[in-house]
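A closer look at the structure
Okay, here's what each chain looks like letter by letter:
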Amino acid sequence: MNSKLLSSIHRVAKELPPIALNSLADFLEESAGSYSEALKARVLSQLPNLNFRRAVLELLEDWHQASTNLDSQSIALALRSAAYAIASAHSALSAEIVWTGPDVSNIPVRKTEQVLKQLIQEAQRELTIVSFAVYKVPDIAEALIVALDRGVHLQIIAETPEVGEGKVPFGVVAGLGAEVAQRSEVFIWEKSKRPKGKDGKHGSLHMKCAIADGNDLLISSANLTGYALTLNMEMGLLIHSESLASCVSNHINQLIHQNVFSLLR
């Protein structure tokens, strides 16, 4: 099967909705024969959508040019296999836009606070939250306590007023409360381990993300603050991918194991 035919099969499997694709594959299986102009006419007559007709017509022509040894059942099997592979890839990696700010379009986006709360509420084993600033998020703190009560292992990595040279006014204890700080592992990036610029200033812990159970990864411009979650204009992505979430989680754990991040005592 040449690359041009494979490309056409992939396009049809991607563009046709499942019902139309299954009907096409069923018809090809029932036909059980080689390519013919009569078969092409019958197939196209079942596709009223012009875009679908064009994609399938290209597939039929590529099938005809590629090989007369491939029968319609082989094409049907290839279509079903391609559709399964596309669906599996989609379920293994999908993403949603996460937004804080004015609602100005019909594009479906979810609020940052809503998404973060859901990650916390649905976490069953482990949760890692990284933020530059932590301040005035009582609802998030309450959700974290509930997660801790059900046995979730919580890691928090954040900037602090002392280590961050006053860049943030509050640390984890003031921002999330003593109970959350005491029941979780809080890590900091110590000043002695940070690079310095020519002006002598140290780098900042500026990344913001949350990882739940090694499956879901939220990457956002939003800090863990009341303004960032409700008033600022912020944007991020909620990524459903075990491989990507685990990759970020493993990277953070390496920073901990190699003492780049230190446990706050």
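Look up a bit, the structure's there.
Heads up: these notes are all about the structure in this document.

**Things to note about the overall build of the chain**
The number of helices and strands found in the chain is 11 helices and 11 strands. Computed over the C-alpha atoms, the radius of gyration of the chain is 26 Å, more than 25% above the 18 Å expected from 2.2 N^0.38 for a compact globule of 265 residues. Dimensions of the chain, computed from the C-alpha atoms along their principal axes, are close to 80 × 40 × 35 Å. The buried share of the chain, taken over its 265 residues, is 42%. Intrachain contacts of the chain at a sequence separation of at least 6 include 72% that bridge at least 24 residues. Of the side-chain charges in the chain, 24 are positive and 28 negative, and the distance between the mean point of each set is 7 Å.

**A word on the pairing of strand β10 (residues 234–240)**
Judged from the seven bridges that link them, strand β1 (residues 94–100) and β10 form a sheet pairing that is antiparallel. Among the inter-strand pairings, glutamate 96 is bridged to a residue of β10, identified as leucine 238. As paired elements, strand β8 (residues 216–220) and β10 share five bridges and run antiparallel to each other. Paired with leucine 218 across the strands is leucine 238, a residue of β10.

**Topic: the packing of helix α1 (residues 3–15) against helix α4 (residues 50–66)**
Running from N to C, α1 and α4 point in directions that differ by 155°, and their axes come no closer than 9 Å. The angle between α1 and α4 places the two elements in the roughly antiparallel class. Of the two elements, α1 crosses α4, and the hand of that crossing is left-handed. When α1 is examined against α4, the residues Lys4, Leu5, Ser8, Ile9, Arg11, Val12 and Glu15 are found in contact with a partner set consisting of Asn51, Phe52, Ala55, Val56, Glu58, Leu59, Asp62, Trp63, Gln65 and Ala66. Residue composition of the contact of α1 with α4, by class: nine nonpolar, three polar and five charged.

**As for a nonpolar patch on the surface**
A cluster of nonpolar side chains, contributed by Ile97, Ile107, Val109, Met235 and Leu237, occupies part of the molecular surface with about 410 Å² of accessible area. By the element assignment, isoleucine 97 lies in strand β1.

**Some remarks on empty space enclosed by the protein**
Inspection of the entire model under this criterion finds one cavity of 30 Å³ or more. In this structure, the largest cavity encloses a volume near 100 Å³. Those elements that provide at least two residues to the lining of the largest cavity are α6 (112–122), β3 (126–131), β7 (209–212) and β8. It is β3 that contributes the most residues to the lining of the largest cavity, three residues altogether. Among the residues making up the lining of the largest cavity, the classes are represented as nine nonpolar, four polar and one charged.

**What about the pattern of salt bridges?**
Two side chains bearing opposite charge may form a pair once their charged atoms approach each other closely. If you walk through the whole model with that rule in mind, you get 12 salt bridges. When the shortest N-O distance is used, the salt bridge between lysine 40 and glutamate 37 registers 3.2 Å. Taken together, the residues lysine 40 and glutamate 37, both in helix α3 (residues 37–45) and three residues apart, mark about one turn of the helix. Judged by relative accessible area, lysine 40 falls into the buried class, the value being 16%. Counted as one network, the salt bridges with shared partners bring together Arg11, Glu15 and Glu58.

**Quick notes on the packing of aromatic side chains**
The description of an aromatic ring pair uses the distance of the two centres, along with the angle that the planes make with each other. On inspection of all chains with the given rule, the structure shows one aromatic pair. Consider the rings of tyrosine 35 and tryptophan 63, whose centres lie 5.6 Å apart with planes at 85°: the pair is edge-to-face. Pair noted here: tyrosine 35 is in the loop between α2 (18–31) and α3 and tryptophan 63 is in helix α4, with a separation of 28 residues, a long-range link.

**Considering the packing of α2 against α3**
Their axes nearest at 11 Å, the elements α2 and α3 cross at an angle of 155°. Put simply, α2 runs roughly antiparallel to α3. Taken as a pair, α2 and α3 cross one another with a handedness that is right-handed. Across from Leu24, Phe27, Leu28 and Ser31 in α2, the residues of α3 making contact are Leu39, Arg42 and Val43. Grouping the constituent residues of the contact of α2 with α3 by class yields five nonpolar, one polar and one charged.

How each quantity is defined
Sequence positions are assigned chain by chain, starting from 1 and proceeding in written order. For a predicted model such as this one, the threshold for reporting local features is a pLDDT of at least 70, and the threshold for listing and counting side-chain atom pairs is 80 or more; totals across whole chains, interfaces and linings nevertheless cover every residue. Each side-chain value is derived from all of the structure's non-hydrogen atoms; neither hydrogens nor water enter the calculation. Note on conventions: DSSP H or I runs of at least 4 residues are helices, E runs of at least 2 residues are strands, and numbering of each starts at the N terminus. Within these notes, the globule rule equals 2.2 Å times the number of residues to the 0.38 power, and the radius of gyration is based on C-alpha atoms. Relative accessibility thresholds used throughout: buried, under 20% of the residue-type maximum; exposed, over 50%; partly exposed, between the two (1.4 Å probe, protein chains only). Every residue pair with non-hydrogen atoms within 4.5 Å of one another is taken to be in contact. Counted as positive: Lys and Arg. Counted as negative: Asp and Glu. His and the chain ends are not counted at all. The atoms used to mark charge sites are NZ of Lys, CZ of Arg, CG of Asp and CD of Glu. For two strands to pair, DSSP has to find at least two bridges joining them. Whenever a helix is involved, its axis is fitted only over the stretch in contact; in every case the axis is a line through C-alpha atoms, and angles between N-to-C directions fall within 0 to 180 degrees. For classification purposes, angles smaller than 35 degrees are called roughly parallel, those larger than 145 roughly antiparallel, those between 65 and 115 roughly perpendicular, and all remaining angles oblique. In this scheme the crossing of two helices becomes right-handed for a clockwise turn of the near helix relative to the far one and left-handed for an anticlockwise turn of less than a right angle. For this scheme, ten residues count as nonpolar: Ala, Val, Leu, Ile, Met, Phe, Trp, Tyr, Cys and Pro. Four count as charged, namely Asp, Glu, Lys and Arg, and the remainder, Gly too, count as polar. Candidate patch residues must exceed 30% relative accessible area and have no salt bridge, after which like charges are joined if within 9 Å and Val, Leu, Ile, Met, Phe, Trp or Tyr side chains if within 5 Å. Residue-level accessible areas treat just the shown protein chains as cover; the underlying method is Shrake-Rupley with a 1.4 Å probe. Definition used for salt bridges: Asp or Glu carboxyl oxygen within 4 Å of a side-chain nitrogen of Lys or Arg. Only protein atoms enter the 1 Å grid used here, on which a cavity is any set of points holding a 1.4 Å probe that cannot leave and a pocket is any open set flanked by protein within 12 Å on both sides along at least five of seven lines; residues with an atom within 4 Å of a point are listed as lining. Grid points are joined across faces, edges and corners, and a volume is the space filled by probe spheres set on the points. Aromatic contacts are taken between Phe, Tyr and Trp rings whose centres are within 6.5 Å, Trp giving its six-membered ring; a plane angle under 30 degrees counts as stacked, one over 60 as edge-to-face, and the others as tilted.

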